[in-house]
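# A structural walkthrough
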Amino acid sequence: MRVPPMPLNMKILYFAKDNEEPYVEIITINEARRRQSFGSIEDEVVEDLLPVLKDHSVLLEDVHIQKLAQYLPARTQEYPWRLAYSTAVHGTSLKTLYRNMADLDSPVLLVIKDMDNQVFGALTSHPFKVSDHCYGTGETFFYSFNPEFKIFRWSGQNSYFIKGDIDSLQLGGGRGHFGLWLDSDLCHGSSYPCETFCNEPLSKKEDFIVQDIEVWTFE
């Protein structure tokens, strides 16, 4: 992953005080959030604290992006998001998803929208690929907006983070249940409580039908 020549999250804040002329200050997103936590930006208007998306998303709204950005690994911060795979663009094929991941070397964000219009998925420490065994690290987590935002981090009970087969993609596991599972056509999936993340089912129904999928990377 290349290092950008300057931070991509430099933002402009506009200040307007009584009897004072407006002026401009440039700070980072992290500094803006730090100030907000201390209640010191009461009169400041933050132009935009959302990450930069280099491609259009049919699934992610601003509220989704804002929530997820707070929990991304530090090594993905300050990088724009790029759409690596989308069922709307590339069709419904797990093989195509793997092929689009082949040259990536960064965490990826899996976004699923099911036929109940629920949005959920996972941030994985590594791209998806066909593998003989489970791989990944504790950076991996599940999330769901069903109906409020929740994340499910690594429990430490096992390391069944990612397992890619020709006929399915499996995330999380333990005691015979996958935390998140997708079939080869990316049309059907399931989500059950699993030991890896001690998660609730991410969708309303443990077995769901996929409406759309996107996979985002950071560069």
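Higher on the page you've got the structure.
Residues numbered from 1 in each chain as written. Predicted model: local features only at pLDDT ≥ 70, side-chain atom pairs only at ≥ 80, totals over all residues. Heavy atoms only, no water.

This part covers the overall build of the protein chain. When helices and strands are tallied, the protein chain shows four helices and 13 strands. Counting across all 219 residues of the protein chain, residues that qualify as buried make up 47%. Restricting the contact set of the protein chain to residue pairs at least 6 apart, pairs at least 24 apart contribute 56%. Split by element, the accessible area of the protein chain, about 11,300 Å² in all, is 50% carbon and sulfur. (Helix = DSSP H or I, 4+ residues; strand = E, 2+ residues; numbered from the N terminus. Buried < 20%, exposed > 50% of the residue type's maximum accessible area, 1.4 Å probe, protein only. Contact = heavy atoms within 4.5 Å. Areas by Shrake-Rupley, 256 points an atom, 1.4 Å probe, with all protein chains shown as cover.)

A few words on the side chain of S144. Among the secondary structure elements, S144 is positioned in strand β7 (residues 141-145). Side-chain polar atoms of S144 contact the backbone oxygen of L202, separated by 2.9 Å. Residues contacting S144, with those up to four places away along its chain left out, are V119, F120, F149, K150 and L202. (Polar contact = N/O pair within 3.5 Å; in protein donor to acceptor, adjacent residues only side chain to side chain.)

For helix α2 (residues 62-69), every residue scored as buried is listed here: H64, I65, L68 and A69. Mapping the buried residues of α2 onto a view down its axis gives an arc of 120 degrees, with all of them on the same face. (Arc of directions from axis to C-beta.)

Now for helix α4 (residues 94-101). Those residues of α4 not exposed but buried are L94, T96, L97, Y98 and M101. In this structure S93 caps α4, since a side-chain oxygen of it lies 3.3 Å from the backbone nitrogen of K95.

Counting through the fold element by element, L202 comes out in the loop between β12 (188-190) and β13 (207-218). Sequence-wise, L202 and A122 are 80 residues apart; in three dimensions their C-alpha atoms are separated by 9.8 Å.

With that out of the way, let us pick up the environment of L49. Relative to the helices and strands, L49 resides in the loop between β3 (44-46) and α2. Between the alpha carbons of L49 and A69 there is a distance of 9.7 Å; along the sequence they are 20 residues apart.

With omega at -10 degrees, the peptide bond leading from N146 into P147 counts as cis. Within the element layout of this structure, P147 appears in the loop between β7 and β8 (149-153). One non-glycine residue, N117, adopts positive backbone phi at about 65 degrees. Here N117 is to be found in the loop between β5 (108-114) and β6 (119-124). Its identity is not glycine, yet C198 carries a phi of approximately 45 degrees, on the positive side. Structurally, the position occupied by C198 is in the loop between β12 and β13. Look at C198 and you get partly exposed, because its relative accessible area is 47%.

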